[in-house]
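# Working through the structure, step by step
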Amino acid sequence: MNDMKDTPVYKEMMRRNEEFVKSGEYRDYETSKFPALKTAVVACMDTRLLTLLPAALGLHNGDVKMIKNAGGLVTDPYGDSMRSLLVAIYELGVEHVMIVAHTNCGVEGMNGRHFIEVMKDRGISAETIETLKSEGHDLETWLSGFSDTDDAVRRSVELVRSHPLLPNGITVDGFVIDTLSGSLRPV
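As a starting point, this report considers the structure included with it. (Residues numbered from 1 in each chain as written. Predicted model: local features only at pLDDT ≥ 70, side-chain atom pairs only at ≥ 80, totals over all residues. Heavy atoms only, no water.)

## Some thoughts on the pattern of salt bridges
Taken as a whole and judged by the stated rule, the model has 12 salt bridges. Between Lys22 and Glu18 there is a salt bridge, with the nearest N and O atoms lying 3.5 Å from each other. Placement of both Lys22 and Glu18 in helix 1 (residues 8-23) is noted, with a separation of four residues, approximately one turn of the helix. Note that Arg161 and Asp173 form a salt bridge whose closest N and O atoms lie 3.4 Å from each other. Residue Arg161 is found in helix 7 (residues 149-161), and its partner Asp173 is found in strand 4 (residues 171-177); the two are separated by 12 residues along the sequence. The class of Asp173 is partly exposed, set by a relative accessible area of 37%. (Salt bridge = Lys/Arg side-chain N within 4 Å of Asp/Glu carboxyl O. Helix = DSSP H or I, 4+ residues; strand = E, 2+ residues; numbered from the N terminus. Buried < 20%, exposed > 50% of the residue type's maximum accessible area, 1.4 Å probe, protein only.)

## So, the environment of Trp142
Of note, Trp142 is situated in helix 6 (residues 139-142). Judged by its relative accessible area of 64%, Trp142 is exposed. Residues Trp142 and Thr131 lie 11 residues apart in sequence; the distance between their C-alpha atoms is 15 Å.

## Re helix 7
With 13 residues, helix 7 extends 18 Å between its outermost C-alpha atoms, agreeing within 8% with the 18 Å of an ideal straight helix rising 1.5 Å per residue. Considered for burial, the residues of helix 7 that qualify are Thr149, Ala152, Val153, Ser156, Val157, Leu159 and Val160. The arc that holds the buried residues of helix 7, viewed along the axis, is 160°, so those residues lie on one side. In this fold, the buried residues of helix 7 make contact with helix 3 (80-92), strand 3 (96-102) and strand 4. (Expected span 1.5 Å × (residues − 1). Arc of directions from axis to C-beta. Contact = heavy atoms within 4.5 Å.)

## Some points on the packing of aromatic side chains
One pass over the full model with this rule turns up one aromatic pair. On the basis of an interplanar angle of 45° and a centroid distance of 6.0 Å, the ring pair of Phe20 and Tyr29 is categorised as tilted. (Phe/Tyr/Trp six-rings, centres within 6.5 Å; stacked < 30°, edge-to-face > 60°.)

Next comes the structure, spelled out in structure tokens:
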């Protein structure tokens, strides 16, 4: 594994951070850890959504808890995204959950078998893959995407709504945002 500290990207990010702190710009972002809108948004990590999604929703720092992952979905009832939602609900006062997928997502149509081949091409041994399989890890399914965005959002919404640890009174809704216009469509 390479150390990021030796890369130009690391040096540039550190320079930017130093400039940010020195200028005092951080003061513009001071807020509480409790989301003002009592809302958690699960969204894709897609670079197009970094500023588009908050702008399209009119969000400001401190308004929501933002949980990002590949695809913007909740697919495992005991995975990190669901855990983050439960923490947001029980510890931070969240009462509303928005699942927001987007158009032209890279996870749509992602093929687990192909993904594993790419891993092997990048140096992951077939032995490692087989060992993980023998330990019960279904990598092909885990690394596969979805074929229908609306259906994937509906399944995520249902998974969260029906979770045995979700308290009464929490609203959960799904949406798809257009990565070109920022238009949000309920699913």
